[in-house]
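# Structural features, examined
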Amino acid sequence: MTSTGPLAGIRILEVGTMLAGPYATMLLADLGAEVTKIEPSGGEISRGVGPTYFASLNRNKSSVCIDLNCVAGQERLGALVAKSHALLVNLKPSAIRRLGLTYESLRRWNERVVCVAITGFGLDGGDDPAFDYVIQAGFGIAAMTGDPDGPPTLPGYSSADNSTGMCAALGLLAKIVSGTGGQVDVSLRDVMLSQLNYHASAYLNSGVEPRRRPNGAHSYYVPAQLFATAEGYLALFITHDGFWKSFAAEANIRGYERMAQRVANRDEVLALVSSALSADTAAGWERRLRPLGVPAAAVRSLPEALKATPEVVVSAGDFRLVGSPIRVSGYQPQYRPPPELGE
């Protein structure tokens, strides 16, 4: 299909499973890249999860069935590589090498092809299980999430897979722009540790260990957390003194004009803010604070959030999905449904 998107003319092969790899290539397909999903005869395993799951990660792609375990399949793969800009795969390192999905194996077909590997711990990091929740548990995320008196907590969505997919898409494009073929190696472990940026820096440079605080309170800013209101919860995020001045005036709170004062007197400040916020509902505070430029939002469920933002919902065939988060001037994606196997 001809595309007028910013990535029109870019041809990408995907040997992806479940989430991280397919999400990366879907973002690129939404921007106009021609993405061909290479699947075994039984289909990529996420087809078995359900049609809405598969659609959420595989719209705007084509599908081709190839048995990569046989010589004929390898020859067919090579023919596709010869006319493609990149191949992205997310499998165990041993499977990636066994199936010949590295740059060293594929460069004979195309010296300029970019090969992207998404793995748990890197292409040389071994085959230990590395699913999203396992990575979040093993590399600091779960330990610093949740109430301090409760158990470690995982977020309710696949943050490691999604974040790694975005990083892989960035690495793929960077290597294509360089004009040279080669290997791009992106791991879930490295991405999640990278996203702990300021926490990791505080520990590495000052020995400060992150800790869980009630209501998801921020380590550096006060008040910046969830607060109970007369009805519902409000996220209030006061990151500088100007925000505090506006909020304090609206909430009739005096003192603590400087962030350093608020941090030094965290408990007293939080008590004052909690008391003030109990006088109105979360929705009421949001309506009052937004016009003042104060960052605040009532906690909403996903159905409530989607109802409030109908502009993000798109149609891809019979599926209603959240559209691309990347808005490019002069380009409006046309969303096609996910391909049938071999389509």
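Before reading on, note that the structure itself is shown above.
These remarks concern the structure in this document. (Residues numbered from 1 in each chain as written. Predicted model: local features only at pLDDT ≥ 70, side-chain atom pairs only at ≥ 80, totals over all residues. Heavy atoms only, no water.)

### Examining the packing of helix α1 (residues 20-30) against helix α7 (residues 159-178)
Contact geometry for α1 and α7: axes closest at 8 Å, N-to-C directions at 50 degrees. In terms of orientation, α1 lies oblique with respect to α7. Our pair here, α1 against α7, has a crossing hand that is right-handed. Contacts from Ala20, Tyr23, Ala24, Leu27 and Leu28 in α1 reach Asp161, Asn162, Gly165, Met166, Ala168, Ala169, Leu172 and Leu173 in α7. Taken together, the residues that form the contact of α1 with α7 break down as 10 nonpolar, 2 polar and 1 charged. (Axes fitted to C-alpha atoms, helices over the stretch in contact; angles between N-to-C directions. Helix = DSSP H or I, 4+ residues; strand = E, 2+ residues; numbered from the N terminus. Parallel < 35°, antiparallel > 145°, perpendicular 65-115°, else oblique. Left-handed = near helix turned anticlockwise from the far one by under 90°. Contact = heavy atoms within 4.5 Å. Nonpolar A, V, L, I, M, F, W, Y, C, P; charged D, E, K, R; others polar.)

### Brief notes about the pairing of strand β8 (residues 233-237)
Taking every second residue as pointing to the same face, the buried face of β8 carries Leu234 and Leu236, while none of Tyr233, Ala235 and Phe237 on the other face is buried. Looking at chain direction, strand β7 (residues 224-228) and β8 are connected through 5 bridges and run antiparallel. Bridge pairing in β8 links Ala228 to Tyr233. The loop that links β7 with its antiparallel partner β8 comprises 4 residues; one of these, Gly232, has a positive phi angle of about 85 degrees. As paired strands, β8 and strand β9 (residues 296-298) are joined by 3 bridges and run antiparallel to one another. (Buried < 20%, exposed > 50% of the residue type's maximum accessible area, 1.4 Å probe, protein only. Pairing = 2+ DSSP bridges.)

### With respect to the nonpolar core
With 29 residues, the main nonpolar core has Ile12, Leu28, Ala33, Leu88, Val116, Ala168 and Leu172 as its most contacted residues. Secondary-structure elements contributing two or more residues to this core are α1, β4 (86-90), β5 (114-119), α7, β6 (182-187) and α8 (188-194). Among residues more than four places away in sequence, those in contact with Leu88 are Leu13, Glu14, Val15, Gly21, Ala24, Thr25, Val116, Ile118, Ala168 and Leu172. Counting 22 residues, the second largest nonpolar core, distinct from the first, contains Phe247, Ala248, Ala282 and Leu289. (Core = buried A, V, L, I, M, F, W, Y, C linked by side-chain atoms within 4.5 Å.)

### Topic: helix α13 (residues 282-289)
Buried within α13 we find Ala282, Gly284, Trp285, Glu286 and Leu289. Buried-residue contacts for α13 involve β8, α10 (241-251), α12 (266-277) and β9.

### Here's the deal with the packing of aromatic side chains
Applying the stated criterion to the full structure yields 5 aromatic pairs. Here Tyr221 and Phe237 contribute two aromatic rings whose centre-to-centre distance is 5.9 Å and whose plane-to-plane angle is 80 degrees, an arrangement assigned as edge-to-face. Highlighted residues: Tyr221 in the loop between α9 (197-206) and β7 and Phe237 in strand β8, separated in sequence by 16 residues. Look at Phe237 and you get partly exposed, because its relative accessible area is 36%. (Phe/Tyr/Trp six-rings, centres within 6.5 Å; stacked < 30°, edge-to-face > 60°.)

### Let's talk about the sheet that holds β8
Ordered by their spatial adjacency, 3 strands build an open sheet running β7-β8-β9, and the pairing between neighbours is antiparallel. Edge strands, defined here as strands with exactly one partner in the open sheet, are β7 and β9. Between one strand axis and the next, the sheet turns by 20 degrees as a mean value, whatever way the strands run. Contacts between α12 and the sheet are confined to β7 and β8, with β7 contributing the most and set at about 45 degrees to the helix.

By themselves, these observations are geometric and do not establish any function.
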